[in-house]
Amino acid sequence: MKPNLPLFQKLIFFGLVLIFVSAFFFGFLENKVRANHLGAIDCLEWSVSAVTGSGYSNIEASTPGGRILNMIVVFGGTIYIWSLVAAVVGFFVATD
C-alpha cells in the first residue's frame, strides 16, 4: 500500500504554520511588556516547546494574552502530535 502523502504533507505544513504563527504572536504579545525583548529564536524556542509539549523552554508567558495563546498552542499542538501519530500508525497498520 502506498503512503498517503497528501495527508503527511498537510500535517507537516500545519505543524510548521502552527509553530511560526504562534511564535510571531507570542513575540507580539510578550514584547510589549518585557524590558528585555525576545528575539525570533526565543519565540521559536517557546513555540516548539509549546507545540511538542516538551516544556523544555525557559521562556514563559507573562501577559494574560500570552497565557491564553499558550493554552491554545498547547491544545493545538496536542491535537497535531496525536494526528501525526495516528497517520503514521495508520500507514503501518493498513492492509490492502
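Above this note sits the structure.
Below or above, wherever it landed, is the structure these notes cover. All figures in this text were calculated on a predicted structure; none of them were measured in a lab.

So, how was this worked out
Think of each chain on its own: its residues are numbered from 1, step by step along the sequence as written. Local features in this predicted model are restricted to residues of pLDDT 70 or higher, and side-chain atom pairs are both shown and tallied only at a pLDDT of 80 or more, whereas totals for entire chains, interfaces and linings draw on every residue. Calculation of side-chain values draws on the structure's entire complement of heavy atoms; hydrogens and water are dropped beforehand. Helix numbering and strand numbering both begin at the N terminus, where a helix is a DSSP run of H or I of at least 4 residues and a strand a DSSP run of E of at least 2. Computation of the radius of gyration draws on C-alpha atoms alone. For the globule rule, the value is 2.2 Å times the number of residues to the power 0.38. Buried residues are those whose accessible area, probed at 1.4 Å on protein chains only, stays under 20% of the maximum for their type, while exposed residues exceed 50% and partly exposed ones sit between those limits. Two residues form a contact once any of their heavy atoms are found within 4.5 Å. What sets the accessible areas is the Shrake-Rupley method with a 1.4 Å probe; for residues, cover comes only from the shown protein chains. Under the counting rule used here, the positive set is Lys and Arg, the negative set is Asp and Glu, and His together with the chain ends is not counted. For charged residues, the charge sits on one atom: NZ in Lys, CZ in Arg, CG in Asp, CD in Glu. By convention a nonpolar core is built from buried Ala, Val, Leu, Ile, Met, Phe, Trp, Tyr and Cys residues, the set being connected through side-chain atoms within 4.5 Å. We define a polar contact as two N or O atoms separated by no more than 3.5 Å, with the added condition that, inside protein, one atom must be a possible hydrogen donor and the other a possible acceptor, whereas residues neighbouring each other in sequence contribute only through side-chain atom pairs. Patch construction takes residues with relative accessible area above 30% that form no salt bridge. Like charges are linked within 9 Å, and nonpolar side chains (Val, Leu, Ile, Met, Phe, Trp, Tyr) are linked within 5 Å. Each salt bridge in this description consists of a side-chain nitrogen of Lys or Arg and a carboxyl oxygen of Asp or Glu lying within 4 Å of one another. Helices are assigned an expected span. That span is 1.5 Å times one less than the residue count.

## Some remarks on the overall build of the chain
Alright, step 1. Secondary structure assignment for the chain yields 3 helices and 0 strands.
Alright, step 2. Of the regular secondary structure in the chain, the N- to C-terminal order runs α-α-α.
Alright, step 3. Computed over its C-alpha atoms, the radius of gyration of the chain comes to 16 Å, more than 25% above the 12 Å expected for a compact globule of 96 residues.
Alright, step 4. With the C-alpha coordinates of the chain rotated into their principal frame, the extents come out at 60 × 20 × 15 Å.
Alright, step 5. The buried share of the chain, taken over its 96 residues, is 31%.
Alright, step 6. Residue pairs at least 24 apart in sequence account for 70% of intrachain contacts in the chain once pairs closer than 6 positions are excluded.
Alright, step 7. Total accessible area on the chain is roughly 6600 Å²; 72% of this is exposed by carbon and sulfur atoms.
Alright, step 8. In the chain, 5 positive and 5 negative side-chain charges are present, and the distance between their average locations comes to 9 Å.

## Examining the nonpolar core
Alright, step 1. Phe26, Trp46, Val51 and Val73 are the most contacted members of the largest nonpolar core, which has 17 residues in total.
Alright, step 2. At the level of elements, helix H1 (5-30), helix H2 (40-52) and helix H3 (64-93) are the ones that each hand at least two residues to this core.
Alright, step 3. In contact with Val51, other than residues within four places in its own chain, are Leu18, Ile19, Val73, Gly77, Thr78, Tyr80 and Ile81.

## Considerations on the side chain of Glu30
Alright, step 1. For Glu30, the position within the fold is in helix H1.
Alright, step 2. Since its relative accessible area comes to 0%, Glu30 is described here as buried.
Alright, step 3. In this structure the side chain of Glu30 is engaged in a polar contact, spanning 2.8 Å, whose partner is the side chain of Ser62.
Alright, step 4. In contact with Glu30, not counting residues within four places along its chain, are Leu38, Glu60, Ala61, Ser62, Thr63 and Gly66.

## Notes on the environment of Ala61
Alright, step 1. Tracing the sequence through the fold places Ala61 in the loop between H2 and H3.
Alright, step 2. Apart from the residues within four sequence positions on either side, Ala61 is in contact with Phe26, Glu30, Arg34, Gly66 and Arg67.

## So, a nonpolar patch on the surface
Alright, step 1. Together, Trp82, Val85, Val88, Val89, Phe91, Phe92 and Val93 make up a nonpolar patch on the protein surface, roughly 700 Å² of accessible area in all.
Alright, step 2. Position of Phe91 relative to the elements: it lies in helix H3.

## Observations concerning H3
Alright, step 1. The end-to-end C-alpha distance of H3, which contains 30 residues, comes to 43 Å, matching closely the 44 Å that a straight helix rising 1.5 Å per residue would cover.
Alright, step 2. Taken as a whole, H3 has its buried residues at Gly66, Leu69, Val73, Gly76, Gly77, Tyr80 and Ala87.

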